[in-house]
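# Summary of the model geometry
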Amino acid sequence: MIIFKQMKKYIKEEYYNLKYNHSLKLLTIILLIILYPITIPLVLFGFFIGMIIALLPEKKEYDKSVYKLITKKNYIDIIFDKGYSAEYYTWKILNGQPEYKKVLINLYLPKEDGNTCEVDAILINKYGIFVIESKGYSGWIFGSDNNKMWLQTIYKYKNKFYSPVLQNRNHIKILAKILDIDDMNIFKSYIVFSNRCEIKKMNIKKENLRVIKREQLNETLKNDYNNFKEVLNNEQIKDIEDKLFKYMFCDDLIKAEHIEYVEKSKKIL
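First, a word on scope: everything that follows refers to the structure included in this document. (Residues numbered from 1 in each chain as written. Predicted model: local features only at pLDDT ≥ 70, side-chain atom pairs only at ≥ 80, totals over all residues. Heavy atoms only, no water.)

Pairing within the open sheet is mixed, and its 4 strands lie in the order β6-β5-β4-β8. Single-partner strands in this sheet number two, and they are β6 (157-162) and β8 (197-203). Averaged over all neighbouring strand pairs, the angle between strand axes comes to 20°, with direction disregarded. Here strand β4 (residues 139-144) pairs with β8 via 5 bridges, running parallel. The residue bridging G139 from the neighbouring strand is C197, located in β8. (Pairing = 2+ DSSP bridges. Helix = DSSP H or I, 4+ residues; strand = E, 2+ residues; numbered from the N terminus. Axes fitted to C-alpha atoms, helices over the stretch in contact; angles between N-to-C directions.)

Moving on, we get to a nonpolar patch on the surface. Taken together, the side chains of I49, I52, I53 and L56 present a nonpolar region at the surface, about 360 Å² in accessible area. Considering the arrangement of structural elements, one finds L56 in helix α3 (residues 36-63). (Patch = residues over 30% accessible without salt bridge, like charges linked within 9 Å, V, L, I, M, F, W, Y side chains within 5 Å. Areas by Shrake-Rupley, 256 points an atom, 1.4 Å probe, with all protein chains shown as cover. Salt bridge = Lys/Arg side-chain N within 4 Å of Asp/Glu carboxyl O.)

Considering only enclosed or pocket space, the second largest pocket measures out at about 270 Å³ in volume. Lining the second largest pocket are 13 residues, with R169, I172, S189, E207 and N208 sitting closest to its centre. For the lining of the second largest pocket, the secondary-structure elements that each account for two or more residues are α7 (164-179) and β7 (187-193). A total of 4 residues in the lining of the second largest pocket trace back to one element, the largest contributor, which is α7. A class-by-class count of the residues in the lining of the second largest pocket yields 5 nonpolar, 3 polar and 5 charged. (1 Å grid on protein atoms, 1.4 Å probe; cavity = no way out; pocket = protein on both sides within 12 Å on 5 of 7 lines; lining within 4 Å. Points joined across faces, edges and corners; volume = space filled by probe spheres on them. Nonpolar A, V, L, I, M, F, W, Y, C, P; charged D, E, K, R; others polar.)

All right, on to the packing of aromatic side chains then. Evaluated as defined, the whole model comprises 16 aromatic pairs. Ring plane angle 15° and centroid distance 4.8 Å describe the contact between Y127 and Y225, whose orientation is recorded as stacked. Of the two residues, Y127 is situated in the loop between β2 (116-125) and β3 (128-135) and Y225 in helix α8 (residues 217-227); the sequence distance between them amounts to 98 residues. The same class applies to Y127 and to Y225, which are both buried. Here the aromatic rings of F130 and Y225 are separated by 6.1 Å at their centres, their planes lie at 85°, and the arrangement is edge-to-face. Note that F130 is positioned in strand β3 and Y225 in helix α8, a separation of 95 residues in sequence. Judged on exposure class, the residue F130 and its partner Y225 are both buried. Within the aromatic cluster, the residues linked to one another by ring pairs are Y62, Y67, Y75, Y88, Y89 and W91. When the ring centre of F228 is taken as origin, the NZ or CZ atom of K188, which lies over that ring, is 4.3 Å away. (Phe/Tyr/Trp six-rings, centres within 6.5 Å; stacked < 30°, edge-to-face > 60°. Buried < 20%, exposed > 50% of the residue type's maximum accessible area, 1.4 Å probe, protein only. Lys NZ or Arg CZ within 6 Å of the ring centre and 35° of its normal.)

Another point: empty space enclosed by the protein. This model, assessed by the stated rule, comprises 1 cavity of 30 Å³ or more. Empty space within the largest cavity amounts to approximately 40 Å³. Taken together, Y67, E87, T90, W91, I105, N106, D120, A121, I132 and S134 make up the lining of the largest cavity. Going through the elements one at a time, α6 (82-95), β1 (102-110), β2 and β3 are the ones with two or more residues in the lining of the largest cavity.

Below, the structure is given as structure tokens:
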């Protein structure tokens, strides 16, 4: 009985509070209750209209981007495919970096065994060659720079996946060979996860290696610029871009073969 009296008192107080101080809110609540069968479709309609209005400027920006020119992906793919979405928003951050730089995306590099590896993005500036491996995972992420397999957990669901650190390390080795670079300190390995995940227990000790969320990428780069030495001049930056540029524009057959190779590799792991 005491609980019901307290509830009655609370509701009465809230009613008078709305009536005398927030009459418009009270009227809105009453109308929502009375017009319940009509308000649900109206809310859904308003939601979709709001989404369209919010996405139109973003779509126009995307349609003019170099990312679309290279990947040939529609904006719908960016919205609903977490992989492409992660790559695109990472590209936007890299493209907005200050001073002279070159940004390359979706490179298909030839391997010694005749297959290819895909590099998500590369930022080249005076501080070095930043090789980005972009991941669209959600949930909790656990890993180490030496572990072959990492772990993703979403409640009771657990999924093991190949270490993006080792994956990117292989990318850098191939890049170094293509570019004929012996000094591996020029390369910086950045593993960038989506904002939808939580990076939990992460044992990272190696230099020039970062494992971060996309929302941390811009600030991490900014801080690292203060610690990294200048190792490339503008002429070297342009020369590196020229050597790698062709690998962005491979034909559909190479992409299809790469996807088939990746799927086979997953089964082996």
